[in-house]
Amino acid sequence: MRLSSVPRSAFRLPRLLVGALHLLLLPPPAGAQQPDSIPTDTLAPVVVTGVRLPTVRELARGLAGRTASLDAQDLDARGVRSLADALEQLPGVTTSDELGATAQLDVSLRGFQVSPVIGVPQGVTVYVDGVRANEPDAHEVNFDLLPLEDVERVEVVYGPSVLLGRNALGAAVNLLTRRGTSPAAREIEASAGSWGRYELKARAGARHGVWDYYLGARYEREGGWRQDTPSRIGTLFAKLGLLNGTWDATLSYSGADNRIFQAGSLPESVAVANPRRNFTGGDYFAPRAHLAILNAQRLLGRTQLAINAFGRSLSSEQFNANFVGEDSRQRNTTRIGGGAAQLSGKVPLGRRELRWLAGADADYGHVAVRIFAVPGGGAADSLTESVRTNQVDAGVFAGANLELVPRLTATFAVRYDWIRVPFEDLIDSTQNGLNIFRRLSPRAGVTWTDGAGAHELFASVSRGFRAPAVVELGCADPQAACPLPFALGPDPALKPVVATTYELGWRARAPSGRGGVDASADVYRTDVRDDIFFIASTVTGGYFQNIGATRRSGVELALQWRGAVGERAYANYGYTRASFETTANLATTRDPAGETVTPGDELPMVPGHRVNAGLTVPILRSHGTETGVALSAGLDARYVGRQWLRGDEENVTRRLADYAVADLSLTLTWRDFELRGAVRNLFDRRYVSFGTFAENPTVTGTPIQRWLTPGPPRHVQVSLSTDF
């Protein structure tokens, strides 16, 4: 489909962008550039890692174990387009491209997946300002809907995150969005690049007295580097804040209206000969999302109250063009509302202080899934599946830490979840069913810090769980494989996934100020019981199944140096071993008789070794003058080790080759203007990031072959932005 033929959306985001630009270009009120006075008794800004809502003081690092943070500067420096692209800077994180769409990459973190693909065993939870972004139908994450351009900081909490919320097995990611500040700030940016890509972005924010506001908009179009893969992405974000001596509150809205065409994988021979080819052109994903969030906190003596409320809607269409048989269309409708409340504080305990927090959260979600067969030739679509659920999730949590002896702190946290997932078949009511899950998830840790706070040692043990999603529950019968996308029904109940993580780590921080070295090292092991896998029993179908035991273990090393005048160098290494720890008989498209995995066989699409490193250096300096010219260069490189293909869980075929890719960026600043150029895949390396097995209907006998997704070749992007 040509980009010009993409239907105009009712959301009309280009017009909204124009309106937003008008607002951003309006001159500020007189005196807006002067710092506004803020009451001295107001709530201080809180930076907390490892919890969903702000607390009076940060709990000990032993609660969270390993954490990582990316700020807006880190994101801008690489010109990242999605959260998946941003997380790739961290140790042990790998991206792959199953869908053949650069805005919808898969992420592997410590051997757990987070992906926009239904059927991938999801083990990472994503939050936006404390609101869960994983979709309730299959726990997938649509990265293209997240307001990454309007994010102030990305926090990553490794391991089960008891206090952030449910369903996090390998990690939880929390996106904290921007708000207005004083003096006022306004920026507009235009960029263009390879394959007909262009992008417009604008944002503005300010504080006036006790009120602040922020507004951001983005519109992107691209022709795509592979055949028939245009995309259109539009997002809008707005936030209104109140900051006085009593309340710190924000009300935000984010909306997205996208259409992304997907090329998918190719038979290996085709991928080698013509990696730009699209085997079944016409696949696309078209979501429209709205999210409103209220966050507020207030001091009540020595106690702080924090509340969160949200409402979210998503309507999406997924169209699959099939080489053999009828095409299919899936329409999903999601409506979710809920909130959380939390109290935190500190109480004297002898000569020491006990820091504590406690709270509860709940949400109600309506999900409707309809699947249509598309016969083509002008014939009307026929409804084949229509199911829905009205899911209820509720949980309570508490945590505390206490300094046992000087510089040694113990931390404990616990969470209890109750999840009700009814299943309603609107075509055949005899297929209705109900699943209820309950689970207690604890976490304990100890942290030692030296007197100066430069070095830290921690050890922790934690347990988390993930309840099966409605799509997994409705497609779990080996005797009735679900045709893709899915044919849903009340299949045998799946067990929840339970993960127990043991972690030991060290961290060294440079003193605040000019330059310094940060370093960290972690060793971890996660034992998983009843992992849920989608088993491809036929070329076009499969089912979900519990696997008795799997394990992820590894080592993560990180080193970063910041110079006094803008220099930065970093290097990360991650070793991950993800393996089956039980014998299981699995279906596979490679062999009608199936395959048998034994303890020690490695999980597919998890590289054993991952290295990334980068260097940023100033070439010209402005010498502190506002009119001076400054030029800096950055080089980032990553190495990804070999991986087993999906569908080869018993590890008997050839693995995907390892690969290395480098990116170069140049940034020129002059007065209020910034010109940035980036070259991705600088040396034009040909590589493959994803692989599986499927029939090749273009070859006599339709043999089962390796299908691969090639990585994009060298491409360029140039952007110009200005502050005013």
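Placed above this text is the structure.
What comes next concerns the included structure. (Residues numbered from 1 in each chain as written. Predicted model: local features only at pLDDT ≥ 70, side-chain atom pairs only at ≥ 80, totals over all residues. Heavy atoms only, no water.)

**Examining the overall build of the protein chain**
Tallying secondary structure elements over the protein chain gives 6 helices and 36 strands in all. Classification of the 724 residues of the protein chain by burial places 55% in the buried group. Sequence separation of 24 or more characterises 66% of the internal contacts of the protein chain that already satisfy a separation of 6 or more. Accessible surface computed for the protein chain: about 29,000 Å², of which carbon and sulfur atoms make up 58%. (Helix = DSSP H or I, 4+ residues; strand = E, 2+ residues; numbered from the N terminus. Buried < 20%, exposed > 50% of the residue type's maximum accessible area, 1.4 Å probe, protein only. Contact = heavy atoms within 4.5 Å. Areas by Shrake-Rupley, 256 points an atom, 1.4 Å probe, with all protein chains shown as cover.)

**Focus: unusual backbone geometry**
A cis geometry characterises the amide bond from S182 onward to P183, with omega recorded as 5°. Within the fold, P183 resides in the loop between strand 8 (171-177) and strand 9 (185-193). Although it is not a glycine, W195 adopts a positive phi angle of roughly 60°. What makes W195 partly exposed here is its relative accessible area of 23%.

**What to know about the nonpolar core**
Generally speaking, soluble globular proteins have nonpolar side chains that are buried together. One finds L83, V154 and V156 to be the most contacted residues of the largest nonpolar core, which totals 70 residues. Other than its neighbours up to four places away in sequence, L83 contacts V126, F143, L146, L148, V154, V173 and L175. (Core = buried A, V, L, I, M, F, W, Y, C linked by side-chain atoms within 4.5 Å.)

**Details of the environment of G505**
With respect to the secondary-structure elements, G505 resides in strand 24 (residues 497-508). Considered as a pair, G505 and R66 are 439 residues apart in the sequence and their alpha carbons are 7.2 Å apart.

**Brief notes about the sheet that holds strand 8**
If you walk across this open sheet you meet the 5 strands as 1-7-8-5-6, and the pairing is mixed. If you trace the sheet from one side to the other, it starts and ends with strand 1 (67-71) and strand 6 (131-132), each paired once. Sheet topology note: the strand 1/strand 7 (residues 151-158) ladder contains 5 bridges and is antiparallel. Within strand 7, the residue paired with T67 across the bridge is V157. (Pairing = 2+ DSSP bridges.)

**Some words on the side chain of R415**
Of note, R415 is situated in strand 20 (residues 408-425). There is a polar contact of 3.0 Å between the side chain of R415 and the side chain of D361. Residues within four places of R415 in sequence aside, it is in contact with V162, G165, R166, D361, G395, V396, F397, R439, L440 and S441. (Polar contact = N/O pair within 3.5 Å; in protein donor to acceptor, adjacent residues only side chain to side chain.)

**Describing the environment of S344**
Structurally, S344 is set in strand 17 (residues 327-349). Residues S344 and L357 lie 13 residues apart in sequence; the distance between their C-alpha atoms is 4.0 Å.

**Points about the pairing of strand 12 (residues 231-243)**
Burial analysis of strand 12 places 11 of its 13 residues in the buried class, which makes it a mostly covered element. Bridge count between strand 11 (residues 211-222) and strand 12: 12 bridges; the pairing is antiparallel. Across the sheet, the residue bridging to A217 is L236, located in strand 12. Summarising the sheet, strand 12 and strand 13 (residues 247-261) pair through 13 bridges and their orientation is antiparallel. Looking at the pairing, R232 lines up with R259 of strand 13. Hairpin connection from strand 12 to strand 13: 3 residues lie between these consecutive antiparallel strands.

**A look at the sheet that holds strand 34 (residues 688-695)**
The strand order across the open sheet built from 3 strands is 14-35-34, with neighbouring strands paired in antiparallel fashion. In this open sheet, the two strands that pair with only one neighbour each are strand 14 (266-267) and strand 34.

**Some points on the packing of aromatic side chains**
Summed over all chains, the structure comprises 8 aromatic pairs. Here the aromatic rings of W670 and F673 are separated by 6.2 Å at their centres, their planes lie at 20°, and the arrangement is stacked. Classification of W670 as partly exposed rests on a relative accessible area of 38%. Overall, F673 belongs to the partly exposed group, its relative accessible area being 39%. (Phe/Tyr/Trp six-rings, centres within 6.5 Å; stacked < 30°, edge-to-face > 60°.)

**Examining the pairing of strand 29 (residues 591-597)**
In this sheet, strand 29 lies alongside strand 28 (residues 584-588) in antiparallel orientation, the contact comprising 4 bridges. Of the residues in strand 29, the one forming a bridge with L586 is E595. Linkage of strand 28 to strand 29, two consecutive antiparallel strands, is achieved through a turn of 2 residues.

**Here we look at the pattern of salt bridges**
When the charged atoms of two side chains lie near each other, side chains of opposite charge can form a pair. Within this structure, the stated rule accounts for 49 salt bridges. R312 is the partner of E135 in a salt bridge, and the nearest nitrogen-oxygen pair spans 2.7 Å. Separated by 177 residues along the polypeptide, E135 in the loop between strand 6 and strand 7 and R312 in strand 16 (residues 303-320) bring together distant segments of the chain. Of the residues examined, E135 reaches a relative accessible area of 2% and is grouped as buried. Residues participating in the shared-partner salt-bridge network are R81, R197, E199, R218, E220 and E222. (Salt bridge = Lys/Arg side-chain N within 4 Å of Asp/Glu carboxyl O.)

**Focus: the environment of V80**
Relative to the helices and strands, V80 resides in the loop between helix 3 (72-78) and helix 4 (83-87). Residue class for V80 comes out buried when judged on its relative accessible area of 6%. Sequence separation of V80 and L148 is 68 residues, and the distance between their C-alpha atoms is 8.8 Å. Aside from chain neighbours lying at most four places away, what touches V80 is L75, D85, A86, Q89, L148 and E149.

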